[in-house]
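# Notes for the structure review
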Amino acid sequence: MYLYLSENPRTLYLVTSSQEERRGCPARALVFRAAQDSSSQAVVEFLPKEEVDLENAVRLTSRIVKGCLGLISVAGDMFLAVITSATEVGNTRPSSPTPEFVCQIHDVAFYCLTSPLWDDLSLNPDSLSNPSLVDQNDMFTRDYNGSGSATPAPEHPCQPLRKLISAGTFYYASDPQWDISSRLQRRLARTEPWDLSTFDDRFVWNEYIVKSLLDFRERLDPQERADLDKCQFIILAIQGFVGVCTLALPAPPTNGTPAVATLSLISRLGWKRAGTRFNTRGVDDDGNCANFVETETIFSTDQHCYSYVQVRGSVPLFWEQQGLQTFGQRIQITRPQASQPAFDRHFAGLVEEYGAVHAINLLGTKENETALTAAYSRHMKSAQHVLGDAIGLTSFDFHAAVRFGGHESVFREIRGLESVTDNLDKFGFAMADATSNEIITEQKGVFRTNCLDCLDRTNFVQDILSRTALEQYLMHIRREWIHSGSLWSNHGELWAENGDALSRIYAGTGALNTSFTRSGKRTLAGVLSDATKSVSRAYINNFQDKGKQAAIDMFVGNLSTQRQVTIFDPIHDSVRAALENRLSEYSTTKPCTIFAGSWNLNGRPPSSESLLPWLFPRPSNPDLIAIGFQEIVPLTAQQIVQTDPEKKRVWEAKLMDTLERRSSKTSYILLRSHQLVGTALLIFVKKELTAVIRNVEAASHKTGLRGMSGNKGAVGIRLDYHDTSFCFLTAHFAAGHANVAERNADYRTIVNGLHFLKGKTIEGHQNIIWLADTNYRIDLDNDRVRTLAQMDDFDALLAADQLRRAMDEREVFEGYQEGPLLFRPTYKYDLGTENYDTSEKMRVPAWTDRILFKGQSLDLAVYSRAELKGSDHRPVFAIFRAEVRIIDHAKRAALSKLLLESVTSTAPGEKLDEKLASLTFTQEEPDLPPPSSEDYAWWDDPDHPNGIVVPLTSRNGSHARSSNPFDSSSESSISSSPSSSEEELYHALQAPLSPAPPTTTRRPPPPPPPRSAKTASESDSHSIDNE
């Protein structure tokens, strides 16, 4: 197919070639243009080729386009991604009734739909001759480390994406009618005919950018959909490895002709927790783990087809590696007490997909690896209470085995493990008839293998398991083939290439130990090669992977600032708008209580002083407790260079002990903690809430010495509680009475520079709470401040408060609120006394310790300080009442379907265009009539003869117009009654007014027009705010 461009309006045409048409492909064109004034909405048409006028169009590339990967919005422009170079890997199953050829992508191009600006800017596909032959990290080095040029040329905004996809690690099915993303057993078990939209969504990497085209395809009629599929305009791509080799094997002595067999290896890398080695570790709250790969060994002859599947993935706990990583892996288990729900989800998903799972853990006895292994075992035991015998775990110290017996001993020991041999027999393998595709035997479980990176050790052991399972199959089918040298040499070569490919994706270099995998021997050249790769990995992972991670997140749609491209469709756009307006119909809210506390510790450890007056100033138990510390360690040069984490652990233990002693019936866990030198943030939650709190992330940002030192800065932790997002921040701003500008700059630096994963920012959250030592002072002389503080004259002090002045001038914390300051300044006291500073410096008392917040669902109940004397600051605290929203996604889908069916069904004589035109949602209420007076009544005028008023129909009120699809019928299960607030408002409006002496004979007014649901809810929210 070819790609053309025309202007006025700017339009891209993907057109079938005459060669494709001779092979039976319909002569069609897929036409793209941007919707008016939109960088994230496209207009797409599927037209016969003869209806497309290409007379004034320009062919954009001399290459034959292989297909389209999707549409993506980048930097305010919209781009079409097409494959411009690919090579055929081979037919993974020649005996199949339909071919199963695979192609490897070598180059892609991104063409802009919204602007000609990028047409001539490094977009020519010929400029990158064969990116797969170049180490992909070399390409990212050129991009992100600079070329040394004083004035580098501007780069195409999609260039990082192009480098990622063109690295030779992406594959697609070159023939329609087969699904490369699904393993053989799953494909053959499907009863419905092949459909492009049926695939394993764990492994299709371009799902985010191709979704709009798949939605467009679904709206075509069946014949057009079939034509679109035959043209192969839409490509679904996986990342990983595909290798195919054909070999001759001894045949039965009937005719002496050798049997031809095909051995294939397909590794499918999951994208749901995608990333590079040190940027993506462990598991997420949905149970998706880093570097998750499904690897399938396929052995095909003219009679049978064999399939054996294994999986690998990072240890499914919350853990990470921060800072500069060399050869000693510094591992932090970030949520040691809150990993079980995600762990259970991960293994429950595997059991549902594969039947049974036996994990093989290859971590060693190093301190960090031992901690991971112990936590893995504990969580596995807990998960077995839920999943039973469907899951199991075997730990095998790979490095210890190599030290004592070499790599050869690993082969013997793995095959000799009882748990391995038992499960090999129990799980079996999948086998199908080659001609009929009928499944003969099914694989009933999988091995899940991991080491630290799930690369070198994991690939080595998976090769052993693959060979052992294939031997079992050959014992049943053709015993003499077990002794075929060519079979096992090809098998070893495929696994070595697989290890190299997966290692390049995750770590940037080829795999270690592949010399043994290829030849069965450990050579000097292999040892030297592994040493070189280890050094290269350390450099690449520390200095190059951030750019690659950003490209990955952009490609799979992880960036919080991204807008997914949609296809212009007034029907679905109307449904989406209606869903947003009817949020209350498919969601509920529930109350929660949040405690936030901040304390500058002055570097002091916990004392015997009880923390109960601070943590529990009210008798209730908060659902969530956020504690911010400043100066948790002394701010010395040694601590700034290498912070001692022990002080944080001591305070964590002190807090947990206080929570356990106070809340005998309520159990709390430490959800997450994070430290930047002296600044630390700790989040505790009720244990029963861990299953509904997700996406917990921590980040920090330095502000000391212009961002180079962590003695000042901020720590943030964000989370989603059900479907409501929260962000907690603790900070320590610049000190010094007169340094207001520096403190303002610290705030701006933190807000602009502190980012969570996937581009999430502080301001992108629904609710934000700062608990900080802001260091803002009071601009009065010392004696005056002390006198006013003793008199509790807080208004006079507040008038001179630097923070309030900065907020009034919109220098900092714009849009934030703070509770009334009805307590004395919290800084600075003589240690252990109630006296303000009597030292030589005689510092001016100030409210340095503050809690500020922003969020519509946050309602401040208490704001005060606690009288703890273990530091020169007094701790402050705030208690919030909040509403968290719970979206019922099943009900939302049902409502969406109901609205869509209502819109698309037209009554006889009713025009769909007119119907759509009437389905508008105005955001503003109609103007109310002018107020009545002694001489005029709004309901007694020519527009309302005899006082008759036709009430306006509200969106969620009476359904007089049955033709409106957004009105729920009385029988609807989605919303059958008004909300309680609507009922109260209705009855209040209908209630009789207190009688008054009649002054005129004016007829009584009719009921006023009923307000919409929006107005009612707004009234509720205003009443809550006023409380």
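Residues numbered from 1 in each chain as written. Predicted model: local features only at pLDDT ≥ 70, side-chain atom pairs only at ≥ 80, totals over all residues. Heavy atoms only, no water.

Moving on, we come to the packing of helix α7 (residues 340–354) against helix α8 (residues 367–387). In the contact formed by α7 and α8, the axes pass within 10 Å of each other and the chain directions differ by 60 degrees. For the pair α7 and α8, the crossing hand works out as right-handed. Across the interface between the two elements, Q340, F343, D344, F347 and A348 from α7 touch Y376, H379, M380, S382, A383 and L387 from α8. Per-class residue counts for the contact of α7 with α8 are seven nonpolar, three polar and one charged. (Axes fitted to C-alpha atoms, helices over the stretch in contact; angles between N-to-C directions. Helix = DSSP H or I, 4+ residues; strand = E, 2+ residues; numbered from the N terminus. Left-handed = near helix turned anticlockwise from the far one by under 90°. Contact = heavy atoms within 4.5 Å. Nonpolar A, V, L, I, M, F, W, Y, C, P; charged D, E, K, R; others polar.)

Next up on the list: the packing of aromatic side chains. Taken as a whole and assessed by the stated rule, the structure comprises 29 aromatic pairs. Measuring from centroid to centroid gives 5.2 Å for W770 and F813, while their planes differ by 85 degrees, and the two rings are edge-to-face. Placement of the pair is W770 in strand β29 (residues 767–773) and F813 in the loop between α23 (802–808) and β30 (849–854), with a sequence separation of 43 residues. Summarising the burial analysis for this pair, W770 and F813 share the class buried. Arranged with centres 5.5 Å apart and planes meeting at 90 degrees, the rings of F813 and Y816 form a pair that is edge-to-face. Of the residues examined, F813 reaches a relative accessible area of 1% and is grouped as buried. Clustering of aromatic rings is evident, with ring pairs tying together F733, Y747, W770, Y776, F813 and Y816. The ring centre of Y829 lies 3.9 Å from the NZ or CZ of R874, which sits over that ring. (Phe/Tyr/Trp six-rings, centres within 6.5 Å; stacked < 30°, edge-to-face > 60°. Buried < 20%, exposed > 50% of the residue type's maximum accessible area, 1.4 Å probe, protein only. Lys NZ or Arg CZ within 6 Å of the ring centre and 35° of its normal.)

Further remarks concern helix α20 (residues 740–753). In a regular helix each residue adds 1.5 Å, so 14 residues correspond to 20 Å; α20 covers 20 Å between its end C-alpha atoms and thus fits that length. Of the residues making up α20, those classed as buried are R743, N744, D746, Y747, I750 and V751. Projected down its long axis, α20 carries its buried residues within an arc of 155 degrees, all on one side. Of the exposed residues in α20, the ones pointing more than 90 degrees away from its buried face are A741 and N752. (Expected span 1.5 Å × (residues − 1). Arc of directions from axis to C-beta.)

Here we come to the pattern of salt bridges. It is possible for side chains bearing opposite charge to pair when their charged atoms get close. Overall, the coordinates contain 54 salt bridges when judged by the stated rule. When the shortest N-O distance is used, the salt bridge between E296 and R268 registers 3.0 Å. Here the residue E296 occupies a position in strand β12 (residues 293–300), and R268 occupies one in strand β11 (residues 259–269), the gap between them amounting to 28 residues. When its relative accessible area of 0% is taken as the criterion, E296 is described as buried. Across the salt bridge formed by D657 and R661, the nearest N and O atoms sit 3.1 Å from each other. Of the two residues, D657 and R661 both sit in helix α19 (residues 646–662), four residues apart, roughly one turn of that helix. Given a relative accessible area of 48%, R661 falls into the partly exposed group. A cluster of three or more residues bridged by salt bridges with shared partners is formed by R183, R186, D200, R202, R268, E294, E296 and E353. (Salt bridge = Lys/Arg side-chain N within 4 Å of Asp/Glu carboxyl O.)

Ordered in space as β24-β25-β23-β22-β32-β31, the six strands form an open sheet in which the pairing is mixed. Since the sheet does not close on itself, it has two edges, and those belong to β24 (668–676) and β31 (858–865), each with one partner. If you compare each strand with its neighbour and ignore which way they point, the axes differ by 20 degrees on average. The sheet contact formed by β24 and strand β25 (residues 679–686) spans eight bridges and is antiparallel. Across the sheet, residue S673 finds its bridge partner in β25, namely L682. Lying on the sheet, α19 is in contact with β22 (587–600), β23 (624–630), β24 and β25; it crosses β24 at an angle near 155 degrees. (Pairing = 2+ DSSP bridges.)

We now examine helix α11 (residues 456–477). The first and last C-alpha atoms of α11 sit 32 Å apart over 22 residues, in line with the 32 Å expected at 1.5 Å per residue. With 17 of its 22 residues buried, α11 lies for the most part within the structure.

A few words now on the environment of L831. Residue position: L831 is located in the loop between α23 and β30. Given the relative accessible area of 39%, L831 is considered partly exposed. Non-local contacts of L831, meaning those with residues more than four positions away in its chain, are made with R604, K869, G870, S871 and D872.

Moving on, we come to the side chain of T774. Tracing the sequence through the fold places T774 in the loop between β29 and α21 (782–790). Ignoring anything within four residues of it in the chain, the contact list for T774 reads F733, R743, L803, W847, T848 and R850.

To continue, consider the nonpolar core. Core analysis: the biggest nonpolar cluster contains 74 residues, and I594, W614, F629, I683, L719, F728 and I769 have the highest contact counts within it. A per-element tally of this core places strand β32 (residues 876–887) first, with seven residues. When near neighbours in sequence (up to four residues on either side) are disregarded, L719 contacts L624, L671, I683, I693, R694, N695, V696, T724, S725, F726 and F728. With 53 residues, the next largest nonpolar core counts V102, C451, L487 and W488 among its residues. (Core = buried A, V, L, I, M, F, W, Y, C linked by side-chain atoms within 4.5 Å.)

Burial of strand β2 (residues 11–15) is extensive: five of the five residues sit out of reach of the surface. Here β2 shows two buried faces, one formed by T11, Y13 and V15 and the other by L12 and L14. Bridge analysis of strand β1 (residues 2–6) against β2 gives five bridges, and the strand direction is antiparallel. Bridged to L3 within β2 is L14. Hairpin connection between β1 and β2: a loop of four residues separates the two successive antiparallel strands, and N8 in this loop has a positive phi of roughly 55 degrees. Both β2 and strand β3 (residues 28–34) contribute to a ladder of five bridges, which runs antiparallel.

What follows deals with empty space enclosed by the protein. Applying the stated rule across the entire model yields five cavities of 30 Å³ or more. Empty space within the largest cavity amounts to approximately 200 Å³. Taken together, 16 residues form the lining of the largest cavity, with A173, W178, W194, L196 and L236 sitting closest to its centre. Partitioning the lining of the largest cavity into residue classes produces eleven nonpolar, two polar and three charged. Approximately 70 Å³ is the volume found for the second largest cavity. What lines the second largest cavity is W205, Q239, L269, G270, R273, A274, G275, N291, I505, Y506 and I552. (1 Å grid on protein atoms, 1.4 Å probe; cavity = no way out; pocket = protein on both sides within 12 Å on 5 of 7 lines; lining within 4 Å. Points joined across faces, edges and corners; volume = space filled by probe spheres on them.)

Another aspect to go through is the confidence of the model for the protein chain. On average, residues of the protein chain carry a pLDDT of 83, and 78% of them reach 70 or more. In the model, residues 919–925 has pLDDT below 50 throughout and makes 14 contacts with residues more than four positions away in sequence or in other chains. In this model, residues 1009–1027 is a region of pLDDT below 50 whose contacts with residues beyond four sequence positions or in other chains number 17 contacts. (pLDDT = per-residue confidence, 0-100.)

Moving on, we come to the sheet that holds β1. An order of β5-β1-β2-β3-β4-β21 is seen for the six strands of this open sheet, with the pairing classed as mixed. Since the sheet does not close on itself, it has two edges, and those belong to β5 (58–59) and β21 (566–567), each with one partner. Pairing of strand β4 (residues 41–48) with β21 involves two bridges; the strand directions are parallel. Along β21, the bridge assignment pairs Q41 with T566. Sitting on the sheet, helix α6 (residues 222–231) is in contact with β3 and β4, with an inclination near 95 degrees to β3.

Residue P9 is bonded to the preceding N8 through a cis peptide linkage, with omega at -5 degrees. Note on placement: P9 falls in the loop between β1 and β2. Residues Y827 and K828 are joined by a peptide bond in cis, for which omega reads 0 degrees. With respect to the helices and strands, K828 occurs in the loop between α23 and β30. Inspection of the secondary structure puts N8 in the loop between β1 and β2. Residue N8 is classed as exposed on the basis of its relative accessible area of 76%. Phi is positive for N291, close to 50 degrees, though the residue is something other than glycine.

Before going further, it helps to examine the packing of helix α10 (residues 418–427) against α11. Where α10 contacts α11, the axes come no closer than 11 Å and their chain directions differ by 50 degrees. In terms of axis orientation, α10 runs oblique to α11. At the point where α10 passes α11, the crossing takes the right-handed sense. In this structure, α10 uses V420, L424 and D425 to contact α11, whose residues at the interface are L465, T468, A469 and Q472. (Parallel < 35°, antiparallel > 145°, perpendicular 65-115°, else oblique.)

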